[in-house]
Amino acid sequence: MALVALASAKGSPGVTTASLVLGALWPRQVLLAECDPAGSDVAIRMTAPGGQPLNSDRGLLSLAAAGRKGLGDEVIMAHSQQLDGGLDVMLGVRSPEQIGGIAGLWAPLGLTFNQMHSADVLADCGRIGPASPQLPVVQAARLVVLVCTATGSSVAHLRERLSSLVHHVDARLAVMVVADPKRRDGVKQVWSVLDAMSIQIHHRWHLAYDPVGASFFDGRGHGRLEKTALIRTGSEIAADMASIVGMPSQYEYDMAQAAFPEGEVRR
Ligand SMILES: Nc1ncnc2c1ncn2[C@@H]1O[C@H](COP(=O)(O)OP(=O)(O)OP(=O)(O)O)[C@@H](O)[C@H]1O
Ligand SMILES: [Mg+2]
């Protein structure tokens, strides 16, 4: 199955919220992996089934200790846990001080996430730059989604980060703008900035800026989550994204083409 990396250039445009929303709405089995070196937000905002606190000792750090002999679906899932609602999550480090404990883990982790048999993986990679320790996870992904808002400074940082990232990442690049559903003009402006760049952005999505919907992923929600603009837009994006990464990559297609006689390989 496939790894999708979500990240931002600067600010807090809503990467963690978008990752939780997409994870909750993903049409296949999925694992949300918190790969943000700044520390876990999910452990603070979300709960285990029955409203119990999540076990913050089980996550990336415990995986690093257990996974020295090798990583695979079983060991990954043994260090993951379920959120209330059923989404599987691998909690990130508690604080940036713990990052040293997983220094050698990022590259094998990225490769393992991208090849899990039992689930797709959505990795919340936080803010990303060329010197970020979690860059190998982004590099291993089949799809890299940069999240921004429709403000001038967010888009300026996004543009700068895309220009740099394109030299470090081979995956398909996508952009998700978090903006008020009524602000279509602002979103259009973001697309025109991207169109003016020489970099190919394969996919683009508009996720609703929706404080009521977002509050459910902040541990404060009340009312009917399924009626919110966040869930409406998130459902469409999750379905689209899952179908994109569910298709065989060009590399896999080329390998299959080389292995079988002409005409036998179908997309
Ligand atoms: N789609 C949204 N609509 C309304 N509010 C949102 C949305 N997404 C995020 N928020 C709010 O913005 C704040 C930051 O969100 P979040 O933690 O998801 O951002 P982030 O990009 O992961 O930030 P960081 O870089 O600090 O990890 C939170 O209070 C969250 O509730
Ligand atoms: Mg975050």
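Within each chain, residue numbers correspond to sequence positions counted from 1 in written order. Each chain gets a letter, beginning with A, and each ligand a number, beginning with 1, in the order they are written. Given that the model is predicted, a residue must reach a pLDDT of at least 70 before its local features are reported, and side-chain atom pairs must reach 80 or more before they are shown or counted; all residues, however, enter totals for whole chains, interfaces and linings.

An unreviewed UniProt entry annotates the protein as MinD-like ATPase involved in chromosome partitioning or flagellar assembly originating from Kribbella lupini.

Quick word on the overall build of the protein
This is how it is decided: Helical segments are the DSSP runs of H or I of at least four residues, strand segments are the runs of E of at least two, and each set is numbered from the N terminus. Only the C-alpha atoms count toward the radius of gyration. The rule for a globule is 2.2 Å times the residue count to the power 0.38. Each residue is classed by its C-beta neighbour count within 10 Å, where at least 20 other C-beta atoms makes it buried, 12 or fewer makes it exposed, and intermediate counts make it partly exposed; the C-beta atoms are placed from backbone geometry. In this description, a residue-residue contact is defined by the distance between C-beta atoms placed from the backbone, which must lie within 7 Å.
Assigned secondary structure in the protein consists of 11 helices and eight strands. Relative to the compact-globule value of 18 Å for 267 residues, the protein shows a C-alpha radius of gyration of 18 Å, a close match. The C-alpha extent of the protein, read off along each of the three principal axes, is 55 × 45 × 35 Å. A buried classification covers 45% of the 267 residues belonging to the protein. Here the analysis covers contacts within the protein between residues at least 6 apart in sequence; of these, 77% occur between residues at least 24 apart.

Section: the packing of helix H1 (residues 15-25) against helix H10 (residues 229-246)
Heads up, the rule is: Each axis is a line fitted through C-alpha atoms, and for a helix only the stretch in contact is used; angles between axes span 0 to 180 degrees, taken between their N-to-C directions. Oblique is the label for any angle not covered by the other classes, which are roughly parallel (under 35 degrees), roughly antiparallel (over 145) and roughly perpendicular (65 to 115). Here a crossing is called left-handed whenever its near helix is offset anticlockwise from the far helix by less than a right angle, and right-handed whenever the offset is clockwise.
One can describe the packing of H1 onto H10 by two numbers: an axis separation of 9 Å at closest approach and a directional angle of 70 degrees. By the angle class used here, H1 and H10 are roughly perpendicular. For the pair H1 and H10, the crossing hand works out as right-handed. Only Leu230, Gly234, Ser235, Ile237, Ala238 and Met241 of H10 make contact with H1, whose side of the interface consists of Val21, Leu22 and Leu25.

Looking at the pairing of strand S6 (residues 143-149)
Stated precisely, the cut-off is as follows: We call two strands paired when DSSP finds no fewer than two bridges between them. A crossover gets the label right-handed when its path from the first strand over the helix to the second runs clockwise, viewed with the strands pointing away from the viewer.
Within S6, seven of the seven residues are buried, which leaves the element mostly enclosed by the surrounding structure. Two elements, S6 and strand S7 (residues 172-179), share seven bridges in a ladder whose sense is parallel. Across the sheet, the residue bridging to Val147 is Met176, located in S7. Note on the crossover from S6 through helix H7 (residues 152-165) to S7: the handedness is right-handed.

What to know about H7
Test applied: By this rule, a helix spans an expected 1.5 Å times one less than how many residues it contains.
Its 14 residues give H7 an end-to-end C-alpha distance of 20 Å, which sits within 8% of 20 Å, the value for a rise of 1.5 Å per residue. Considering only its buried residues, H7 is in contact with S6, S7 and helix H8 (184-195).

Quick word on the sheet that holds strand S1 (residues 3-8)
Strand order across the open sheet formed by eight strands is S3-S4-S2-S5-S1-S6-S7-S8, with mixed pairing between neighbours. Each edge of the open sheet is held by one strand with a lone partner, namely strand S3 (81-82) and strand S8 (203-208). Note: S3 against strand S4 (residues 88-90), two bridges, orientation antiparallel. Bridging from a neighbouring strand, Gln82 pairs with Asp88 of S4. In the packing of H1 onto the sheet, contacts are made with S1, strand S2 (30-34), strand S5 (120-127), S6, S7 and S8, and the angle to S5 comes to roughly 170 degrees. In the packing of H8 onto the sheet, contacts are made with S7 and S8, and the angle to S7 comes to roughly 155 degrees.

Side note on the site of ligand 1
We count it as follows: Any residue whose backbone-placed C-beta atom lies within 6 Å of a molecule or strand is treated as near that molecule or strand. Classification convention: Asp, Glu, Lys, Arg as charged; Ala, Val, Leu, Ile, Met, Phe, Trp, Tyr, Cys, Pro as nonpolar; all other residues, Gly among them, as polar.
In the vicinity of ligand 1, 19 residues are found, and the nearest of them are Ser12, Gly14, Thr16, Thr17 and Ala214. Counting only elements with at least two residues in the shell around ligand 1, the list comes to H1, S5 and helix H9 (211-215). No other element matches H1, which puts three residues into the shell around ligand 1. Residues of the shell around ligand 1, tallied by class, amount to eight nonpolar, six polar and five charged.

Description of the environment of Gly85
With respect to the element layout, Gly85 can be found in the loop between S3 and S4. Here the alpha-carbon distance between Gly85 and Ala24, two residues 61 residues apart in the chain, equals 7.9 Å.

Observations concerning the pairing of S5
For S5, the tally of buried residues reaches seven of eight residues, placing the bulk of the element in the interior. In this sheet, S5 lies alongside S1 in parallel orientation, the contact comprising five bridges. Looking at the pairing, Leu3 lines up with Val121 of S5. Pairing between S2 and S5: five bridges, direction parallel. Residue pairing for S5: Glu34 is matched across the bridge by Asp124.

Quick notes on the nonpolar core
The line we're drawing: Core membership is restricted to buried Ala, Val, Leu, Ile, Met, Phe, Trp, Tyr and Cys residues, and these are joined into a nonpolar core through C-beta atoms within 7 Å.
Counting residues in each nonpolar core, the largest one holds 85 residues, and the members touching the most others are Val4, Ala5, Leu6 and Ala123. Of all the elements, S7 adds the most residues to this core, at seven residues. If sequence neighbours within four positions are ignored, Leu6 has contacts with Val15, Ala18, Ser19, Leu122, Ala123, Asp124, Cys125, Val145 and Val147.

A short note on the environment of Gly100
In this fold, Gly100 is placed in the loop between S4 and helix H5 (106-114). The spacing of Gly100 and Pro37 is 63 residues in sequence and 10.0 Å in space, taken between C-alpha atoms.

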